[in-house]
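Remarks on the overall topology
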Protein chains: 2
Amino acid sequence: MRTSFRPLAAAVLAASLLAAVAPISRADEGMWTLDNLPLKQLKERYGFTPTPEWIEHVQKASVSFGGGSGAFVSPNGLVITNHHVALGQLQKVSTAEHNYVGDGFYARTAADEMKCPDLELRVLESTENVTDRVRAAVDAKASEQAQGEQRRAVRAAIEKESNQKTGLQSRTVELYRGGEYWLYRYKKYTDVRMVMAPEEPTAFFGGDADNFCFPRHDLDFAFFRLYENGQPVHPQFWFRWSLDGPKEGDLAFVSGNPGTTGRQLTLAQYEYLRDDRSPIQIAQQEHRLVALEAYCKRGDEQARRAKDRIRGLTNNLKREHAFLDILRTPSFMEMKRKEEESLKARVAKTPAAATECAGAWDKIAAAERDAARRAKENLYTDFSRGARLMTLAQQIVHYAEEVVKPNGERFQEFRDSNLETERFQMFSPAPNYADVDAAILGAQLKDAVGVLGPAHPTVKLALDGRAPETVAQDLMEKTQVGDVAFRRQLIDGGVKAVEASSDPLIVWVRKLDPQYRVMRKWRENELEGVEAREGGRIARARFALDGKDRAPDATGTLRLSYGKVAGYDELTTRVPWKTTFFGLYDRSADFGNAFPFELTKRVEAARSKLDLSTPLNFVSTDDIIGGNSGSPVLNRNLEYVGLIFDGNAHSYIGNYAYDDAQSRAVSVHSSAIIEALRKIYDMPALADEITGSAKISSR
Amino acid sequence: MRTSFRPLAAAVLAASLLAAVAPISRADEGMWTLDNLPLKQLKERYGFTPTPEWIEHVQKASVSFGGGSGAFVSPNGLVITNHHVALGQLQKVSTAEHNYVGDGFYARTAADEMKCPDLELRVLESTENVTDRVRAAVDAKASEQAQGEQRRAVRAAIEKESNQKTGLQSRTVELYRGGEYWLYRYKKYTDVRMVMAPEEPTAFFGGDADNFCFPRHDLDFAFFRLYENGQPVHPQFWFRWSLDGPKEGDLAFVSGNPGTTGRQLTLAQYEYLRDDRSPIQIAQQEHRLVALEAYCKRGDEQARRAKDRIRGLTNNLKREHAFLDILRTPSFMEMKRKEEESLKARVAKTPAAATECAGAWDKIAAAERDAARRAKENLYTDFSRGARLMTLAQQIVHYAEEVVKPNGERFQEFRDSNLETERFQMFSPAPNYADVDAAILGAQLKDAVGVLGPAHPTVKLALDGRAPETVAQDLMEKTQVGDVAFRRQLIDGGVKAVEASSDPLIVWVRKLDPQYRVMRKWRENELEGVEAREGGRIARARFALDGKDRAPDATGTLRLSYGKVAGYDELTTRVPWKTTFFGLYDRSADFGNAFPFELTKRVEAARSKLDLSTPLNFVSTDDIIGGNSGSPVLNRNLEYVGLIFDGNAHSYIGNYAYDDAQSRAVSVHSSAIIEALRKIYDMPALADEITGSAKISSR
């Protein structure tokens, strides 16, 4: 089905954008930071005013999964998130013999709870506005490079100070595209144990076809438990479970960590994305997917090994194609052009604002033109993501080189405040599959030589005249980087050990590193640095005009969205606000129980036991984006009513604008999870713990 | 939900037409006459060649319901059609006490089968090409009016001769927009008894919202039995029931009576529809609907009385809005312009073809310009349809005036060959509701005075200075036309009786009749006459170029479509080829069992008895249009596998072009009907009769 989605995506978006031509409703827009909640809108639209205690509860019962979200749902450190957020860990603990992805994982006793190899969860403890200190440290008259270095240095210093003072993981965050800088402090948890995950065919029922769609019928949940000192943690805040779940029209909050949005970009930035970055990234991912699919055909074990990568790529591609279609829709760009012109006109009329951001748009436009010129080189010479062994090798090489520098001069990921996290990942005992990585790196190298040509310096160094696939296979087969002890040995040995290493992958990464550093420096200082500095000036001009009346673009940090549970119109009929278990069995039967609509034996067997009218999935107008996966949906009493796991087909627009006509967040209904735990998965103790009906002694 | 469908329809169609910009696939196009089946396509695409016996079987087991279709499904004269085709009769036999629409009708014994008041069914017995005779009778050099009269006269003569010779109802049919004339002979049945109809909430589950949509969950079927001489008829041909129904990918035939399509119109005709006729007709129907909705609010009995009219109007409006949206979509008109230019260019290169249709497009264009000028007068002075008492009164007045003329000079409906049918309708014992009719006529008169102004001659005559609603109410309250005996008395009394009648409605119709006749004559001779004559020349030019390689536009006569059972892509996912009973309960539960998604008590009670995975509705690429309602879906062995009842939201385009990307015909699956008869409606004998498991003695 994947090969046919391109024209379809265009069709969806054209329809969605017909609506967009009319002024987009900003009604429930916003992934809000907790320091600046939209009190006026909440009061006016929903008659609700959060108390400080309410806000603290949301903050401290929400759990960050890095690229995903989760929440405490019992006083015993039980955390719920999506199955697809848990997928990486499930894959890492699975083997040819125990396929926890396909079969699910069920710890029916505490002893059965299984430690995750490299999952670090975080809870946001406190935040602090450090904008003035960051700005003061940067000399606006210095070169782009110097400004970039000054900014990195002050952020590193702020983080290190905070970490030393509080012991908490401390990160500075750039909000409002550079308009503000904040310090976020987190409590970290690294002893995370898997409690329960359904079988993938049930969690991801409908597969890639139904991904980003509604009506939907997925049990996309998983449970972990956090431990400290060998004991379950007892969080101060957790969300009580709602047995009834939401009703249509209910106010629904979503807390979580939306990754990135680009709603407040300049036109020049949208054009660069549309014409350069996005098409290249799509082509790269498509080629990687083709390579992995060819690899999968070698056998069942190969298919199992590449499962999570394939799923990640198909998910990304479905989304990225849609994003590009939006950018390529003239009415969309016209809307953005009008927004920008209107802001510029208002700025021009207000001297303070005009001074604040004089020349900002032009400077960003110049940076984007530069980025467009360098796009191919920038995107085709970076092999750091994709093949995991390659990522590890690069981490090792960089770690050794960076940690010996002063804290403020290092790559961001090797600042003192982040070293523990970096080491936790590098020393993960999770298995690595050299053959999967060879397929990925092979595709990347083939792309590079195809686009940049064999004479390009990086390509020459990388291939040394050999075939891309041969180089990739050779490197991956011969490297010892897959061995944790080997990695630890290199890290412990420092720069010397790394420089002396004859491991072919380490040698190869070292060889390419000077060119990698050149590109990264340019990107950080002259593209992202300019975007942040000038974007910040535009943001502050906007604050001067309107106050902080819009939420900042998503940055992977904790946000709160609000909205209502609501169906919508589709074609000429109505999409309901919810589905039921009836729909799961219907859709499976509709497709003759064939992949990706097959029912597992457990689900088939539970049919007569289930109350089929139990709500299964539902939709709300909450403003979410990738990274919100696993977010709790909460009612006004902070009861847990649902679990965000997707957006519908109209929600793609959310990457660039909010629209509540048809765009919806898709959640698993809280009732469905309990019904499934009790009647499909035979896990009454877990259901009791969540619903609070467990005996106190079980704490 | 009705009020919101306009922008939605636009959204649907934009998506559908994005596909249309690419060359539309004509793969399974065509509502074919049985004399010219697409043997080549059937052979090439499906490896199937129908035998003459096969074709005769299709022809004689298919039943025409006038505006709908049906089929014999037992050797005992049992005919199946849609519930919504039966709706008019159900409404006519219902009373305030017995609401067969809302509660359904269930004849569990032969004695319970209830005679329909005015249902005439027909079976096509034979056809004959009479093009040459019709053309020979028309003098191409005569005036438009004379040509129109000559054409009508020869058609009347052909029909009368045939009727006298065979005793069969004989009608001439204009095919290929005037390219051919055929004589169709029918066996008529007027003793039609109702056997079974489900409750409307089940037959029309999802109501106006789900109308023209898929996935769908409707039991839109009804059974009648044909009698002659007080005994069930035993048709020579009937369709055996398929217990399994179709599978995805199966070849599926549809036989029935598609009403009208406009695929082979000229650009000038599309423009007249788009700019003049369609917007006016939509406005008229909307005003009528508003009037009827206001009437319904007076009480339950009023709501019951207006039920079928409201349903007809909402159905029409949903469709007409979509049609207009298509006409207003630039890419659609561009496609039609290209088609026309391409045909003109090919014609120009071929002398024979060029001579055949020289000036034809221009003559049609001139007629359409004239029609555009007269559109308001034409459409706002015709009160003949809508209010049933008005229709009856006009029928009486015209009958009296027309039957005394020579056969060839009468209005078409009063030709000798059709008089029996006309009298059957006029003398229907079905109840008439003067208050419903007053609401409708009031809306029509209000429109007329609003648009044409009070000084317009017809408006002046019609209103005589009084308010539209007053005139309508007065006429309807005081007329005796609702009384069958009164109507019979006038008809028996002939022109004299009609002229002497002081019945206010008869008087009023007589008063308006001269102007009605002027407009009708213009329409028949100078608009439709020109369209048919010049359209016929274009069609024959096309025959000269390509042969008869395209099916004629629909004309309400028997056609055979073919296609395959197939799901389709929607947004970014897949719509299955079928739904199941699971989906019915799901969709009802999704909407909290609220109107129009409510389950009846019978359906709710049957839940535990039903095999919920039984297929309920399904889709196929068959080319259908309004009038195909009730059509049998047949497999290649002529087994009955389904019952056409609708098209999906993408099928609107079918009015003007065929597209198989997403456009689909929607049917009730044969298994669903048996499952419902046995387990919901407790009608095992009927199920046994259909499936052939009934004892022979029951014949």
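Right above here is the structure, for reference.
Our subject in this report is the structure included herewith.

Quick notes on the pattern of salt bridges
Residue and element names in this part refer to chain A. All told, the structure shown has 118 salt bridges over all chains when counted by the stated rule. With a shortest N-O distance of 3.0 Å, Glu180 and Lys548 are connected by a salt bridge. Of this pair, Glu180 sits in strand β8 (residues 180-189) while Lys548 sits in the loop between α21 (504-546) and β14 (559-564), and the two are 368 residues apart along the sequence. Look at Lys548 and you get partly exposed, because its relative accessible area is 27%. The shortest N-O distance in the salt bridge between Arg216 and Asp218 comes to 3.2 Å. Each member of the pair, Arg216 as well as Asp218, is classed as buried. Linked by salt bridges that have partners in common, Glu401, Glu402, Lys405, Asp513 and Arg517 make up one network.

Some details on the pairing of strand β21 (residues 665-669) of chain B
Strand residues, when the strand is regular, have side chains that alternate between the two faces of the sheet. All names here are of chain B. With five of five residues buried, β21 is to be regarded as a mostly interior element. For strand β18 (residues 615-620) and β21, the ladder comprises four bridges, and the chain directions are antiparallel. Considered in β21, the bridge of Phe618 is made with Ser667. Summarising the sheet, strand β20 (residues 639-647) and β21 pair through five bridges and their orientation is antiparallel. Across the sheet, Leu643 pairs through a bridge with Val668, a residue of β21.

Observations concerning the environment of Ala157 of chain A
You can see Ala157 of chain A is positioned in helix α7 (residues 144-166). Linking Ala157 of chain A and Asp416 of chain A, residues 259 residues apart in sequence, is a C-alpha distance of 9.3 Å.

Focus: helix α16 (residues 419-426) of chain B
Burial in α16 of chain B covers these residues: Leu419, Thr421, Glu422 and Met426 of chain B. End-on view of α16 of chain B: buried residues confined to an arc of 160°, all on one side of the axis.

Topic: the packing of helix α11 (residues 300-327) of chain A against helix α17 (residues 434-452) of chain A
Residue and element names in this part refer to chain A. Between α11 and α17, the least distance of the axes is 9 Å, while the angle of their chain directions is 45°. Compared by their axis directions, α11 and α17 come out oblique. Crossing of α11 over α17 shows right-handed handedness. For the pair α11 and α17, the contacting residues are Arg305, Ala306 and Arg309 in the first and Asp435, Val436, Asp437 and Ile440 in the second.

Some remarks on the pairing of strand β2 (residues 69-72) of chain A
Residue and element names in this part refer to chain A. Where burial is concerned, the two faces of β2 agree: the one with Ser69 and Ala71 and the one with Gly70 and Phe72 are both buried. Hairpin geometry of strand β1 (residues 62-64) and β2 is characterised by an intervening segment of four residues between the two adjacent antiparallel strands and by a positive phi of about 75° at Gly66. In this sheet, strand β3 (residues 78-81) lies alongside β2 in antiparallel orientation, the contact comprising two bridges. Counted as the bridge partner of Ala71 is Ile80 from β3. What sits between the antiparallel neighbours β2 and β3 is a turn of five residues, in which Gly77 has the positive phi angle 75°.

Structural notes on unusual backbone geometry
A cis amide bond links Phe214 of chain A to the next residue, Pro215 of chain A, at an omega of 0°. Structurally, the position occupied by Pro215 of chain A is in the loop between α9 (207-210) and β10 (222-228). Despite not being glycine, Asn229 of chain A shows a phi value in the positive range, around 55°. When you line up the elements, Asn229 of chain A lands in the loop between β10 and β11 (231-232). The backbone of Asn593 of chain B sits at a positive phi, close to 55°, despite the residue not being glycine. Looking at Asn593 of chain B, the relative accessible area reads 33%, which means it is partly exposed.

Basis of the calculations
Along each chain, numbering runs from 1 in the same order as the chain's sequence is written. Chain letters and ligand numbers both follow the written order, the letters beginning at A and the numbers at 1. Confidence filtering applies because this is a predicted model: local features only for residues at pLDDT of at least 70, side-chain atom pairs given and counted only at 80 or more, and all residues used for totals across whole chains, interfaces and linings. By convention in this description, side-chain values take in all heavy atoms of the structure and omit both hydrogens and water. Just to be clear on terms, a salt bridge is a Lys or Arg side-chain nitrogen sitting within 4 Å of an Asp or Glu carboxyl oxygen. Going along the chain from the N terminus, every DSSP run of H or I of four or more residues is numbered as a helix, and every run of E of two or more is numbered as a strand. For every residue, the accessible area obtained with a 1.4 Å probe (protein chains only) is divided by the maximum for its type, and the residue is called buried under 20%, exposed over 50%, and partly exposed between those limits. For two strands to be treated as a pair, DSSP must find no fewer than two bridges joining them. Arc definition: directions from the helix axis to the C-beta atoms. Structural elements are reduced to axes, namely lines fitted to C-alpha atoms, with helices fitted over the stretch in contact, and the angle between N-to-C directions of any two is expressed from 0 to 180 degrees. Any angle between 65 and 115 degrees counts as roughly perpendicular, while under 35 counts as roughly parallel, over 145 as roughly antiparallel, and the rest as oblique. Handedness of each helix crossing follows the sense of rotation of the near helix against the far helix: counterclockwise by less than a right angle gives left-handed, clockwise gives right-handed. By the convention used here, residues are in contact when the closest approach between their heavy atoms is within 4.5 Å.

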